[in-house]
Each structure stands twice: as C-alpha cells, then as structure tokens.
Amino acid sequence: MFSNLIFIILFMLGFYALIMKTNLIKNVIGLNLMEAAVFFWVISFSDIGGEISIHKLGETMGEFNDPVPQALTLTGIVIGASTAALLLTLIIELNKFSGTIERDEIEGLND
Amino acid sequence: MAVLEIILIVFLIFSAVMAVRFDEELISIIFLSIFSLILTSLYLLHKAADVALAEAVIGAGLNTAIFMSAISQIRHGDSD
Amino acid sequence: MNKLIKKTLISTVLIAVTFALYHNFALMPEYQGLDEGISDYIITYGLNDTGSLNLITAVLYDYRAFDSLGESTVIFGAVSGIVLILSRKMLPVSSKGLSFIVKRTLGIMTPFIALFGFYVISHGHLSPGGGFQGGVILAAISIIFSIVYGSAFDYRRYSPQTKTVLETVGAMTFLGFGLAGIVMEGAFLNNLGFLTAEKGTLISAGSIPYINIGVGFKVGAGLAIIFYSMIQKTFEEDF
C-alpha cells in the first residue's frame, strides 16, 4: 500500500516533466525518473522479508527473497543508461543544426 | 527500520521535485545524482544487493558524467 | 488553440492517468510470485543445477542467458549509433587536465580501482556482482584518464581501436560459449557441466565465470567509447 503511493507520485512527476516542459534535456530527465519509479516499485513489491538471495556454504537455508525481479531490474538499469546516452547525442546534433534546444523554437516542427 | 525508510522516501520525493523544477540544467542534474544515491540505499534496505551495486555504479557514476559532458557541449560549445 | 485551452487539456490528461493508476493498484492482490511462478523451482534447485552460490547470477547467465545476450546487443547498438553520429576525422589533442595534487592522488588510486573491478567480475557467482557491474567499474578508469589527465593521454594509452577490439573479443566469447552449448550439450547457451569443480571455489559453476569475463569486457569498452566520443576536444597543441 505504501509503495504504490510512492510509485504513483514519482511516475507522475516524470510524466509531467516529459509533457509540460519544453526543454529537451528536461524531457530526458523525466524519462529517467519514470524508469527509476518502475524499478523501485518492482523491488519493493516483491520483498517478503527474507534475506539476500545468496547461499552460504555450511549453513542451513533461510527464506530467500525472489531473485527473478532483481535480475530484470538489473537489465533495465543498463538499458536505461544506454538509451539516455543515445538521446543526448541526438540533442547535441540538433543543437548544432538549429541553434536551440527548446521544443517550441525549432523550425519546421510546429507546422 | 520503518522510520529510516520513511525518512529516506521523504528525501527521495524532495530531490525528485527539485530536479524537475529548475530551468538551469546543471542544478537539475546534481539533484538527479542525489536521487540516484538515495535510491541505492533504499534498494539495500529491501535486501537486493546486486541491484544496489549496479545502481550505485551506473546511476550515480556514469549517468551523471554523460549528462554533464552533453550539457558542456551544448551550453559552452566550441568556446576555445 | 491558445495556451490556456492547451494547459487545461494537458492537466486533464494528467489527472485522468493518475486516477487510472490508483484504481489499478487498488485491485491488485498480494505478491504471488513465489506460489505460482517459477521462483520456487529456482530457489530450491538452483544450487544443484548450476553450481553457483549467487542465485541472481544463476538466473541472469544460465536460466535466462538469452536476455543477457539481448542486453549486450542493445549496448552494441547504442555505441554504434553514437560513434556514427559524433566521430570526427581530425586527431584529438588534449586539454590541460586538473591540478598536480589530483593527478598524483589518482595515480596512486587507479591500480586499486582496476583490481576491484576485476574482483567484482571474476567473483560473480560467489558474492554480489557479476559482469555488468564490474564492466562499468572498468569503464570508470577510462573516464578518470580523460578528465584528470587530458584526452590526449587517454588517446595515447588506450586508443579507440584497442577498445573496439576488446569489445569484439568480449562479444565473441559470449557467442562462442553459446555455440559450444549447441555442440556439447544440445541447446544454445546451455551450461557446460564438465568445466566445474566443487561448489564455492573460483572455478566452479560451469561456463558462468567465462561468460562474466566476456560480458565485463564488452560493457566496459562500450561505455568507455561512449564517453570518449561525447567529450569536447580542443584543437590546439598543448605539448
């Protein structure tokens, strides 16, 4: 119940930054915030109070947390960083081409 | 442990709001780096060690460096 | 349409999405992944099947190794796109770097950072870590060279051609172990069982340590190439 509210707040903050701001770098920051909200919710929802999921030699096994959502989150973090780098490269080239990084002022985009 | 989690979540939402608010991009990226750092300790509180290590290295290290170099090329580009 | 109508419409969309998310979460039951899904099997039989103590590494590199191959392909696509857009034909020359104290301190600290990166990569199946985390730590060394010592130092020590060769070697290692799985065990990316010693030592868990090393080199070299292409290079002789 608690983690659902936090997810909604962070996701809507990122969504607001993606739609309402006209600075292109703010849009990339909003995209990063949305992804971070999803990862935090996945880890927090699958926590049943167990231990870290690594076996220790010579001791009996307690109750482990779920390893599958953690593996998916790890993949997602790396892909999020790669996507942000590619988007920033395109913004650098767009800045050289038209001289501005506001969404309203780029010519040919608002016809 | 519940009190620590509530304090960290309050700081998380505060830094996210500050990252969205400002117009100058340098301040936004510093708040994004603080957001990533607090998220690392929250992952560790939920007993996910691999994810915390990955978020610490990628989120607080590489992402901030790439954003800073992109902003330096946009705002002060070819100024030599 | 003028700005006021536009802002009202966007605010309505935002409030509607918030309502939809809230009602979605009100109808969701408790977490049932451990009763109905596959996680129960992985927790109970993971150590006997693969031989690795770290269950998350077993999931990422043995049960779902095809997804890690897809992630490496995404990194390769991003690196190719960035180098295609931002490459220049002129030789890069340096900037000055930072002050003397910083250069001296990082000259002492850098071998230990490299040692820690290799430790995290190779002990992926015994403690938290693995290929992706250790690879990014190794990429941080190249970033330190570019920032503290100037980009000409980084170009002379590890040129982009060397990094490209390292990335290709890492990818070929991963694919080679996948094809060896077809030849020796019967399916793509199966774990080679005959390479294993007893549990808990460094050379256990079949082909997982070697796949970790391949992925570590690939990710580290790829992210170092991304950072090197994106920094601003000045064009005056400094030495």
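Residues numbered from 1 in each chain as written. Chains lettered and ligands numbered in written order. Predicted model: local features only at pLDDT ≥ 70, side-chain atom pairs only at ≥ 80, totals over all residues.

Draft legend 1. Layout of the overall build of chain C. Along its length, chain C carries ten helices and zero strands. Taking 18 Å as the expected radius of gyration for a compact globule of 239 residues, we find that chain C reaches 24 Å, considerably beyond that expectation. C-alpha atoms of chain C, sized along the principal axes, occupy 65 × 65 × 35 Å. When burial is assessed residue by residue, chain C has 38% of its 239 residues classed as buried. Of the contacts made within chain C by residues no fewer than 6 positions apart, 72% connect residues no fewer than 24 positions apart. (Helix = DSSP H or I, 4+ residues; strand = E, 2+ residues; numbered from the N terminus. Rg over C-alpha atoms; globule rule 2.2 N^0.38 Å. Buried ≥ 20, exposed ≤ 12 C-beta atoms within 10 Å, placed from the backbone. Contact = placed C-beta atoms within 7 Å.)

Draft legend 2. Molecular detail of the UniProt feature "transmembrane region" (unreviewed entry) in chain A. Per the UniProt annotation, the sites labelled "transmembrane region" (unreviewed entry) are residues 6-24, 36-54 and 74-94 of chain A. With 100% helix and 0% strand, residues 74-94 of chain A has its two end C-alpha atoms placed 31 Å apart. (UniProt positions renumbered as here; feature names shortened; annotations may be inferred.)

Draft legend 3. Expanded view of unusual backbone geometry. Here Lys 47 of chain B, not a glycine, exhibits a phi torsion of approximately 60°, which is positive. If you trace the backbone, Lys 47 of chain B turns up in the loop between helix 2 (25-45) and helix 3 (49-75).

Draft legend 4. Highlighting the interface of chain C and chain B. At the interface, 17 residues of chain C touch 16 residues of chain B. The element contributing the most residues to the side of chain C that touches chain B is helix 7 (residues 131-148) of chain C, with six residues. For the side of chain C that touches chain B, the residue count by class is eleven nonpolar, five polar and one charged. (Nonpolar A, V, L, I, M, F, W, Y, C, P; charged D, E, K, R; others polar.)

Draft legend 5. Representation of the confidence of the model for chain A within the structure. With 97% of its residues at a pLDDT of 70 or more, chain A shows a mean pLDDT of 89. Within chain A, the lowest mean pLDDT, 92, falls on helix 1 (residues 2-19) of chain A, and the highest, 94, falls on helix 2 (residues 24-45) of chain A. (pLDDT = per-residue confidence, 0-100.)

Draft legend 6. The arrangement of the UniProt feature "transmembrane region" (unreviewed entry) in chain C in detail. The UniProt record marks residues 7-25, 69-86, 106-126, 132-153, 165-188 and 208-231 of chain C with the feature "transmembrane region" (unreviewed entry), using the residue numbering of this structure. Spanning residues 7-25 of chain C, this segment combines 100% helix with 0% strand, and its end C-alpha atoms are found 27 Å apart.

Draft legend 7. Expanded view of the confidence of the model for chain C. All names here are of chain C. Here chain C averages 85 in pLDDT, while 91% of its residues score no lower than 70. When the elements of chain C are averaged for pLDDT, helix 2 (residues 33-36) gives the smallest value, 72, and helix 6 (residues 100-122) the largest, 93. Two summary scores accompany this predicted model of the complex, namely pTM at 0.91 and ipTM at 0.91.

Draft legend 8. A look at the packing of helix 7 of chain C against helix 10 (residues 208-230) of chain C. All names here are of chain C. Following both chains from N to C, one finds helix 7 and helix 10 inclined at 35°, their axes separated by 7 Å at the closest point. Once helix 7 is placed against helix 10, the crossing between them reads as right-handed. Residues Gly 131, Phe 132, Gly 134, Gly 135, Val 136, Leu 138, Ala 139, Ser 142, Ile 143 and Ser 146 of helix 7 pack against Asn 212, Val 215, Gly 216, Phe 217, Val 219, Gly 220, Leu 223, Ala 224, Phe 227 and Tyr 228 of helix 10. Split by residue class, the contact of helix 7 with helix 10 holds twelve nonpolar, eight polar and no charged. (Axes fitted to C-alpha atoms, helices over the stretch in contact; angles between N-to-C directions. Left-handed = near helix turned anticlockwise from the far one by under 90°.)

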